[in-house]
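Tertiary structure, described
Letter by letter, the chains look like this.
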Amino acid sequence: MTAVSVPMPTIPRKRVAPEDIRTPEGSDQKVLLAAPRGYCAGVDRAVIAVERALEHYGAPVYVRKEIVHNRHVVETLSERGAVFVNETDEVPQGARVVFSAHGVSPAVHAEAAARDLSTIDATCPLVTKVHREAVRFARDGYRILLVGHAGHEEVEGTMGEAPEHITLIENPEEAKTVEVEDTERLVWISQTTLSVDETMATVDILRQRFPHLQDPPSDDICYATQNRQVAVKKIAPQADLVLVVGSANSSNSVRLVEVALEHGAKAAHRIDFAREVDETWFNDVATVGVTSGASVPDGLVQDLLGLLADYGFASVEEVVTAEEDLMFSLPRELRKDLKAAGKKTSNKRDGADRQHDII
């Protein structure tokens, strides 16, 4: 007889009562809520693309990799019929697959075509811009230094555009030792979700070593990543604690924790859900900074604010450092099929940004 291991159910941790948390004397507890925060235009487009595909084609709709790096989004879409796979060879022959917001290499497109898959390319247009830069620079005979993190889907997709021309630089230390054959025709590009400060520190070292190094025609780090980091820099010096809502594999969320600590926050933690908060973090805390990564639905932030209110942080001050109104069209393949079926192809509803039900 085969033994079967039955996992024990998780027992919810008993929270420390609010009255047992040490509160700084003479201080008013408050929250500094960063803005902008949460969904960027590329993430919004990708999530809506999967939702609309499920509505139009029906389940299952396959998605290569996580559509965006957020546990809640992936789990919720899975419940609605999205099937997440690691590679295209896991998708049944002739089925439909959505490529994630992080982009894919030409090899992945070729594999999908060989399997006769119907594809919906939900790559963020800002990532597509970096891909096109890589192709153009490689065609013009440049050696390309890509600042990014090994193993990240976006980096894999970008490197796949011109693998023989691209060298990956992960950090300032690697910038100090990298060797290139042709220092005259040399250019740098970057992953879109990096820390602006660390990226420029890496680039500054490269410039010192390679005076002919050229810049990309425009910033590769996306507007949303930069805006969220600027907002955190604003609140960090005033915060005893900064909480960043975002998943562990979300590069921009992880960077927000680092930026908060680098710019004066006494402590900073990343969480996926409010339930992951350790309430002992609130000891001796008067001001909590709150933000979220670019792939986080705002409902998760509201859950956190509710928990904070329970522990006396009911006063919320929004700190606005930029306004965002950018919106990307749905992927071309999906728009074509929706139009043919007489369905709306816009991301908007009643003149306002579409509020999809992922939150």
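The model shown is predicted, which means the values in this text are computed figures rather than measured ones.

What follows concerns the overall build of the protein chain. Tallying secondary structure elements over the protein chain gives 11 helices and 14 strands in all. Its C-alpha atoms give the protein chain a radius of gyration of 22 Å, within 12% of the compact-globule value 21 Å for 359 residues. Expressed along its principal axes, the backbone C-alpha trace of the protein chain runs to roughly 65 × 60 × 55 Å. Taken across its 359 residues, the protein chain has 50% of its residues classed as buried. For the protein chain, long-range pairs separated by at least 24 residues make up 75% of all intrachain contacts whose partners lie at least 6 apart in sequence.

In this section: the sheet that holds strand 2 (residues 61-64). Spatially, 3-2-4-5 is the arrangement adopted by the 4 strands of the open sheet, whose pairing is parallel. Each edge of the sheet is formed by a strand with only one pairing partner; in this case those strands are strand 3 (82-85) and strand 5 (118-121). Neighbour-to-neighbour, the strand axes of this sheet turn through a mean angle of 30°, independent of strand direction. With 3 bridges connecting them, strand 2 and strand 4 (residues 96-99) associate as parallel partners. Counterpart to Arg64 in the pairing with strand 4 is Phe99. The strands touched by helix 3 (residues 106-114) are strand 2, strand 4 and strand 5; relative to strand 4, the strand with the most contacts, the crossing angle is about 170°.

Time to look at the nonpolar core. Grouped together as the largest cluster of nonpolar side chains are 27 residues, with contacts concentrated most on Val50, Ile67, Val68, Val73 and Val98. If one sorts the elements of this core by residue count, helix 1 (residues 41-57) sits on top with 8 residues. Aside from chain neighbours lying at most four places away, what touches Ile67 is Ala46, Val47, Val50, Val73, Leu77, Phe84, Val98, Phe99, Ser100, Ala101, His102 and Ala122. Counting 23 residues, the second-largest nonpolar core is a separate cluster that includes Leu243, Val245, Phe273 and Ala274.

Direction of pairing for strand 4 relative to strand 5: parallel, over a ladder of 4 bridges. When the sheet's bridge partners are listed, Arg96 is paired in strand 5 with Ser118. Each parallel crossover has a hand, and the one from strand 4 via helix 3 to strand 5 is right-handed.

Okay, the UniProt feature "binding site: (2E)-4-hydroxy-3-methylbut-2-enyl diphosphate" (unreviewed entry) in the protein chain next. Cross-referencing UniProt, the feature "binding site: (2E)-4-hydroxy-3-methylbut-2-enyl diphosphate" (unreviewed entry) maps to His69, His102, His152, Thr192, Ser250, Ser251, Asn252 and Ser295 in the present numbering. Given a relative accessible area of 4%, Thr192 falls into the buried group. Excluding its chain neighbours within four sequence positions, the residues that come into contact with Thr192 are Leu126, Val127, Val130, Glu154, Asp220, Ile221, Cys222 and Thr225. Along the chain, Ser250 falls in the loop between strand 9 (241-245) and helix 9 (251-262). Discounting residues that sit within four places of it in the chain, Ser250 has contacts with His69 and Ser295.

Moving on to the sheet that holds strand 10 (residues 268-271). Taken in spatial order, the 5 strands make up an open sheet running 10-9-11-1-12, and their pairing is parallel. Looking at strand neighbours, the two that pair on one side only are strand 10 and strand 12 (315-320), the edges of this open sheet. Neighbour to neighbour, the strand axes of the sheet diverge by 25° on average, direction disregarded. Across 4 bridges, strand 1 (residues 30-35) lies against strand 11 (residues 287-292) in parallel orientation. Counterpart to Lys30 in the pairing with strand 11 is Thr287. Running over the sheet, helix 9 touches strand 9, strand 10 and strand 11 and is turned about 165° from strand 10.

Attention now moves to the side chain of Ser247. Its place among the elements puts Ser247 in the loop between strand 9 and helix 9. Given a relative accessible area of 1%, Ser247 falls into the buried group. At 3.0 Å, the side chain of Ser247 and the backbone nitrogen of Arg71 are in polar contact. Excluding anything up to four places from it in sequence, Ser247 contacts His69, Asn70, Arg71, Ser253, Val254, Arg270 and Asp272.

For the rest of this paragraph, the subject is the environment of Leu307. Inspection of the secondary structure puts Leu307 in helix 10 (residues 298-310). As for Leu307 and Ala274, which are separated by 33 residues in sequence, their C-alpha atoms are 6.8 Å apart. Not counting the four nearest positions on each side in its chain, Leu307 is found in contact with Arg15, Ala274 and Val277.

A few words on the packing of helix 8 (residues 223-235) against helix 9. At their nearest, the axes of helix 8 and helix 9 sit 9 Å apart, and the two run at 25° to each other. Comparing their axes, helix 9 and helix 8 come out roughly parallel. Read as a crossing pair, helix 8 and helix 9 show a hand that is right-handed. Taking contact as the criterion, the partners of Thr225, Arg228, Gln229, Val232 and Lys233 in helix 8 are, on helix 9, Asn252, Arg255, Leu256, Val259 and Ala260. Tallied by class, residues from the contact of helix 8 with helix 9 come to 4 nonpolar, 3 polar and 3 charged.

Cut-off values and rules
- Residues numbered from 1 in each chain as written.
- Predicted model: local features only at pLDDT ≥ 70, side-chain atom pairs only at ≥ 80, totals over all residues.
- Heavy atoms only, no water.
- Helix = DSSP H or I, 4+ residues; strand = E, 2+ residues; numbered from the N terminus.
- Rg over C-alpha atoms; globule rule 2.2 N^0.38 Å.
- Buried < 20%, exposed > 50% of the residue type's maximum accessible area, 1.4 Å probe, protein only.
- Contact = heavy atoms within 4.5 Å.
- Pairing = 2+ DSSP bridges.
- Axes fitted to C-alpha atoms, helices over the stretch in contact; angles between N-to-C directions.
- Core = buried A, V, L, I, M, F, W, Y, C linked by side-chain atoms within 4.5 Å.
- Right-handed = clockwise from strand over helix to strand, strands pointing away.
- UniProt positions renumbered as here; feature names shortened; annotations may be inferred.
- Polar contact = N/O pair within 3.5 Å; in protein donor to acceptor, adjacent residues only side chain to side chain.
- Parallel < 35°, antiparallel > 145°, perpendicular 65-115°, else oblique.
- Left-handed = near helix turned anticlockwise from the far one by under 90°.
- Nonpolar A, V, L, I, M, F, W, Y, C, P; charged D, E, K, R; others polar.

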